[in-house]
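# Fold and contact review
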Amino acid sequence: MSVVAIVGRPNVGKSTLFNRILGTRRAIVEDFPGVTRDRNYARITRYGTPFVLIDTGGFEPASEDHLLAQMREQSRLAIEEADVILFVVDARQGLTPSDEDVAAMLRRSEKPVLYVVNKVDGFSQEAAAGEFFALGGDRLFSVSAEHGRGMDDLIEALLEALPASAKNDALAEDETRLAVIGRPNVGKSSLINRMIGAERLVANPTAGTTRDSIDTPFAYNKKRYVLIDTAGIRRKGRVQEKLEKYSVIQSLKAMERAHVVLVVLDAEEGVTDQDLTVAGYALERGRAVILVVNKWDLVEKDQGTMKKFTENVRRAFKFLPFAPIVFVSALSGQRVSKIMGEVERVSVEFNRQVPTSALNKVLEEAVISHAPPMVQGKRLKFYYMTQTGVRPPSFVVFGNHAAGVHFSYERYLANKLREAFGFNGCPIRLTFRNRGGRE
Ligand SMILES: Nc1nc2c(ncn2[C@@H]2O[C@H](COP(=O)(O)OP(=O)(O)OP(=O)(O)O)[C@@H](O)[C@H]2O)c(=O)[nH]1
Ligand SMILES: Nc1nc2c(ncn2[C@@H]2O[C@H](COP(=O)(O)OP(=O)(O)OP(=O)(O)O)[C@@H](O)[C@H]2O)c(=O)[nH]1
């Protein structure tokens, strides 16, 4: 899946453009389940091309110096993480030195950059827009994000600039790819170092496609795993003040290529909105999830502490009731060795293939103990179900009125599948179809 990042100075209209792209006809915006949609990220499908759109704006600079530092950091991250960059400038303000500074950085990168001149609401700004050719682009997109002007050309060029999404989808089938994600400072690098150190997991790190991305293959119990982009995680940011939302970009990228996602939480700080956002995304993308509560050594404990903490995590991650929770301390190494065992169990579930006969037995029993409701005076009927895929486990149920199946009945059936077969840590995909037709 490709990532498109919108960068530019404060107030040039990045959020307006973000919303405009989301709002255009035929942009199908998918909400992240379980959490309210973060205003800065959206997964979009246009003309069948899915991509993640990121608005990197929203920071309030304290001073001009500070502004430049933040813009550089923002651009650096966009260059590293995004496949296409929308660089937005403001026609009403005209060209500014910080625009030029950022443009110089973007030019040096190999990434495709679209130069978007915003606030071209009418003819007078259009004439002025030409000065932005000084930034080095071959083409300028004059738009008015507010009024929707110029959007078709921009979106067309954007879709053209997206790379053919080959590499993300072609996950090698005989290895399990792990992504360790979490907010800055939760202890991802410490945890990875522990895992690698304690288990002597490393085989030979191989450089990935970009200089900065290094995946680490290793074996555990004779099975092959790959830890995704560990170098990116372990490399420390160059700007002291870490901007939280940028770590989400890295998380999204890592998750695209992962099978199993370790969502690392900070025991001392508890669950934050960002933790929920990235976990929701993992679920939406059909990844297996393990919740790792790190820094457990910092929590003052009595007998009921772990139970209470578990309840809190469960309540916050309502949409992931099937995710195992592991309590660890990367600092002391306590229980870190449990993680790979959990990963192994979850990967088995993620790849589990259930025979149709066994599925139909479960379906039959489920319908007997809780009949599907009437829809428009008609009794819903399910004839049979079959598994159509793994990673994640996916099933199709054939019936007489697919469109009438309520979400709560779908959840009921999914729970029956879990009771019967496990699927611990894994999302389950259930679709309903009319026998003899599609729906
Ligand atoms: N005239 C005009 N105003 C616009 C246009 N697009 C955005 N604006 C205005 O510009 C201001 C800033 O827009 P935002 O979208 O919040 O800008 P931003 O770049 O996301 O700003 P930060 O979140 O601070 O980084 C708002 O008052 C918008 O209404 C446009 O096409 N024409
Ligand atoms: N007490 C305690 N401290 C920890 C633990 N794990 C990590 N830390 C500390 O937390 C800080 C951040 O750890 P890192 O491993 O750098 O965290 P990170 O998630 O990789 O951070 P970023 O690179 O900023 O994303 C360091 O000072 C660690 O020593 C833990 O289990 N217990």
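Preceding this paragraph is the structure being described.
The text that follows walks through the structure, step by step, so that each part is easy to find. Values in this document were obtained by computation on a predicted structure and should not be read as measured data.

To continue, consider the overall build of the chain. Scanning the chain for helices and strands turns up 14 helices and 19 strands. At a minimum sequence separation of 6, the contacts of the chain that also span at least 24 residues come to 72%.

Among the nonpolar cores identified, the biggest contains 110 residues, and Val-4, Phe-87, Val-116, Leu-178, Val-261, Val-263 and Val-289 are the most heavily contacted of them. In contact with Val-263, not counting residues within four places along its chain, are Ile-181, Gly-182, Asp-275, Val-278, Ala-279, Ala-282, Val-289, Leu-291 and Val-292.

Spatially, β17-β18-β19 is the arrangement adopted by the 3 strands of the open sheet, whose pairing is mixed. Unpaired on one side and paired on the other, β17 (382–389) and β19 (429–434) mark the two borders of the sheet. Across this sheet, the average inter-strand angle for adjacent strands is 25°, counted without regard to direction. As paired strands, strand β18 (residues 394–399) and β19 are joined by 6 bridges and run parallel to one another. The residue of β19 that forms the bridge with Val-396 is Thr-431.

Okay, the pairing of β18 next. Note: β17 against β18, 6 bridges, orientation antiparallel. Of the residues in β18, the one forming a bridge with Phe-382 is Gly-399. As consecutive antiparallel partners, β17 and β18 are separated by 4 residues, and within that stretch Arg-391 has a phi angle of approximately 50°, a positive value. On the question of chirality, the crossover connecting β18 to the parallel β19 by way of helix α14 (residues 407–421) is right-handed.

Right, let's talk about unusual backbone geometry for a bit. The omega torsion of the bond from Arg-391 to Pro-392 falls at 0°, within 30 degrees of zero and hence cis. Mapping Pro-392 onto the fold places it in the loop between β17 and β18. One non-glycine residue with positive phi stands out, namely Lys-222, at about 65°. Note that Lys-222 resides in the loop between β10 (214–220) and β11 (223–227).

The topology assignment puts Ile-79 in helix α2 (residues 64–81). What makes Ile-79 partly exposed here is the crowd of 18 C-beta atoms within 10 Å. Residues within four places of Ile-79 in sequence aside, it is in contact with Met-105, Leu-106, Ser-109 and Lys-111.

Attention now goes to the environment of Val-336. Inspection of the secondary structure assignment puts Val-336 in the loop between β14 (325–327) and α12 (337–350). Of the residues examined, Val-336 has 23 C-beta atoms within 10 Å and is grouped as buried. C-alpha of Val-336 to C-alpha of Arg-194: the two residues are 142 residues apart in sequence and 7.2 Å apart in space.

Okay, the pairing of strand β6 (residues 113–118) next. In regular strands, side chains alternate between the two faces of the sheet. Counting buried residues in β6 gives 6 out of 6 residues, a clear majority hidden from the surface. With burial as the criterion, each face of β6 is covered, one bearing Val-113, Tyr-115 and Val-117 and the other bearing Leu-114, Val-116 and Asn-118. Relative to β6, strand β5 (residues 84–90) is paired through 6 bridges, and the arrangement is parallel. Residue Asp-90 lies in a different strand from β6, and its bridge partner there is Asn-118. Running through helix α3 (residues 97–108), the crossover from β5 to the neighbouring parallel element β6 is right-handed. Alignment of β6 against strand β7 (residues 140–142), held across 3 bridges, turns out to be parallel. Bridge pairing in β7 places Val-116 opposite Phe-141. Note on the crossover from β6 through helix α4 (residues 123–129) to β7: the handedness is right-handed.

Conventions adopted
- Residues numbered from 1 in each chain as written.
- Chains lettered and ligands numbered in written order.
- Predicted model: local features only at pLDDT ≥ 70, side-chain atom pairs only at ≥ 80, totals over all residues.
- Helix = DSSP H or I, 4+ residues; strand = E, 2+ residues; numbered from the N terminus.
- Contact = placed C-beta atoms within 7 Å.
- Core = buried A, V, L, I, M, F, W, Y, C linked by C-beta atoms within 7 Å.
- Buried ≥ 20, exposed ≤ 12 C-beta atoms within 10 Å, placed from the backbone.
- Pairing = 2+ DSSP bridges.
- Axes fitted to C-alpha atoms, helices over the stretch in contact; angles between N-to-C directions.
- Right-handed = clockwise from strand over helix to strand, strands pointing away.

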